[in-house]
Amino acid sequence: MISNEQLQGKIIKGIGGFYYVKTDQDNKVLECKARGVLRHQKTIPTVGDEVMIQSDNPGEWMIESILPRKNIFIRPPVANVDIGLIVFSMTHPKPNLLLLDMLLISSEIQNVVPIVCFTKRDLTSSAEEIAIKEIYEKTPYKLFFFSKNDTATMDEIILEIGGKTAFMAGPSGVGKSTMANYLCADQTMETGALSQKLKRGKHTTRHVELLETKNGGYLLDTPGFSSYEISDMIKPEELREYFPEFSRGECRFKSCLHKEEPGCDVKKSVETGEISAVRYDHYLSLLEEIKKDQYR
């Protein structure tokens with residue numbers, strides 16, 4: 001490597017003040033440190049960042065600058081996420097659809113495209129699957145139902161996240177690790193609720209890493225996304241924007257919250273079945289929660 005060479009790449013791991021950058025030019029992973037100027041600017045390099053790196057001395061690389069971020073999360077720290085794989089099981093545990101809707105909302109707030117995945121399809125009835133489809137087929141969200149050995153459906157999901165950076169979100173015990181093992185090119189994540197990769201003591205350093213998927217994408221290696229306090233993110237009048245099936249409504253008042261106002265087209269659509277009553281009930285519940293939190 002010649003001195004002063006500059007390259008662009010993505011941070012795929014950060015630990016102990018070192019950052020591991022996969023370069024766009026030749027896909028090599030280079031160990032880097034951050035320039036002091038970034039610390040002075042209080043800019044902390046984050047896994048997922050697109051960065052410019054430079055070598056002043058052979059074999060030594062420094063992060064010069066961080067390119068503009070699409071989004072950034074705090075827990076776990078990761079930037080530039082494109083897709084959120086929202087994973088629930090059909091049973092054991094049964095899906096909490098209110099939590100699912102909260103994860104859909106919080107994904108969209110952060111400019112992340114959610115894809116809804118339901119595992120353990122073989123352990124439940126077709127009637128339960130149809131019931132869930134009837135709720136979400138009225139939304140623009142993509143739905144996947146599959147079992148542990150249904151590789152054809154998981155191959156479809158791989159196509160969805162190709163070339164993108166994705167995280168998984170959802171409750172424990174739904175099969176996220178098993179799913180991740182299939183999506184990733186190498187079987188890095190261990191299965192089981194007490195896997196060594198995830199079973200860490202209070203004083204053990206936990207680093208964040210992006211794993212490569214089978215078709216050039218990345219998957220965050222942590223299940224740390226489970227729920228968000230959406231009341232900290234949006235105002236009551238903004239909530240309706242995150243129920244995309246509501247946008248077709250032509251209410252009498254532009255400021256309609258779709259609750260008690262006269263001439264509400266959304267309420268009419270719920271009555272006719274064009275909008276799911278379950279989703280609408282969740283909307284009302286979250287609306288009240290956000291209002292209460294505003295006045296605390």
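Above this text is the structure in question.
Residues numbered from 1 in each chain as written. Predicted model: local features only at pLDDT ≥ 70, side-chain atom pairs only at ≥ 80, totals over all residues. Heavy atoms only, no water.

Peer 1: Please clarify how the overall build of the protein should be interpreted in this entry.
Peer 2: Scanning the protein for helices and strands turns up seven helices and 13 strands. Summarising the internal contacts of the protein: among those between residues at least 6 apart in sequence, 64% fall at separations of at least 24. For the protein, the exposed surface amounts to about 15200 Å²; the carbon and sulfur share of it is 50%. (Helix = DSSP H or I, 4+ residues; strand = E, 2+ residues; numbered from the N terminus. Contact = heavy atoms within 4.5 Å. Areas by Shrake-Rupley, 256 points an atom, 1.4 Å probe, with all protein chains shown as cover.)

Peer 1: Explain helix α5 (residues 176-183) here, please?
Peer 2: Residues that lie three or four places apart on an α-helix share one face, since the helix turns once every 3.6 residues. For α5, the tally of buried residues reaches six of eight residues, placing the bulk of the element in the interior. Inspection of α5 places Lys176, Ser177, Met179, Ala180, Asn181 and Leu183 among the buried residues, and these make up the whole buried set. On its buried face, α5 sits against β8 (83-89), β9 (113-119), α4 (151-161), β11 (165-169) and β13 (218-220). (Buried < 20%, exposed > 50% of the residue type's maximum accessible area, 1.4 Å probe, protein only.)

Peer 1: Would you take a moment to explain the nonpolar core for this structure?
Peer 2: Soluble, globular proteins show a tendency: their nonpolar side chains are buried together. Ranked by internal contacts, the top residues of the largest apolar core, which has 41 residues, are Ile53, Ile63, Leu100 and Phe118. Considering every element that reaches this core, the biggest residue donor is helix α2 (residues 97-109), with five residues. Filtering out sequence-adjacent residues up to four positions away, isoleucine 53 remains in contact with Glu5, Gln6, Leu7, Val21, Thr23, Leu30, Cys32, Trp61, Met62, Ile63 and Glu64. Among the nonpolar cores identified, the runner-up in size contains 20 residues, and Cys117, Ala166, Cys184 and Leu219 belong to it. (Core = buried A, V, L, I, M, F, W, Y, C linked by side-chain atoms within 4.5 Å.)

Peer 1: Would you take a moment to explain the packing of aromatic side chains for this structure?
Peer 2: When we look at a pair of aromatic rings, we describe it by the centre distance and by the angle of the planes. Counted by the stated rule, this structure contains seven aromatic pairs. When the ring of phenylalanine 73 is compared with that of phenylalanine 167, the centres are 5.6 Å apart and the planes differ by 80°; the resulting orientation is edge-to-face. With phenylalanine 73 in strand β6 (residues 72-73) and phenylalanine 167 in strand β11, the pair connects residues that are 94 residues apart, well separated along the chain. When its relative accessible area of 1% is taken as the criterion, phenylalanine 167 is described as buried. When the ring of phenylalanine 118 is compared with that of phenylalanine 145, the centres are 5.1 Å apart and the planes differ by 10°; the resulting orientation is stacked. Of this pair, phenylalanine 118 sits in strand β9 while phenylalanine 145 is found in strand β10 (residues 142-145), placing the two residues 27 residues apart along the sequence. (Phe/Tyr/Trp six-rings, centres within 6.5 Å; stacked < 30°, edge-to-face > 60°.)

Peer 1: Quick question: what am I supposed to make of the side chain of serine 276 here?
Peer 2: Within the element layout of this structure, serine 276 appears in the loop between α6 (265-272) and α7 (277-294). Exposure remark for serine 276: the relative accessible area of 7% places this residue in the buried category. A distance of 3.2 Å separates a polar atom in the side chain of serine 276 from the backbone nitrogen of arginine 279. Each residue touching serine 276, except ones within four places of it in the same chain, is listed here: Ile135 and Lys138. (Polar contact = N/O pair within 3.5 Å; in protein donor to acceptor, adjacent residues only side chain to side chain.)

Peer 1: Just to check I follow, could you spell out α4 for this structure?
Peer 2: Regarding α4, the residues found buried are Thr153, Met154, Ile157, Ile158 and Ile161. Angular distribution of buried residues about the axis of α4 spans 155°; they occupy a single face of the element. Turned more than 90 degrees off the buried face of α4, the exposed positions are Ala152 and Leu159. Buried residues belonging to α4 abut β8, β9, β10, β11 and α5. Just downstream of α4, glycine 163 is the residue with a positive phi angle, here 75°. (Arc of directions from axis to C-beta.)

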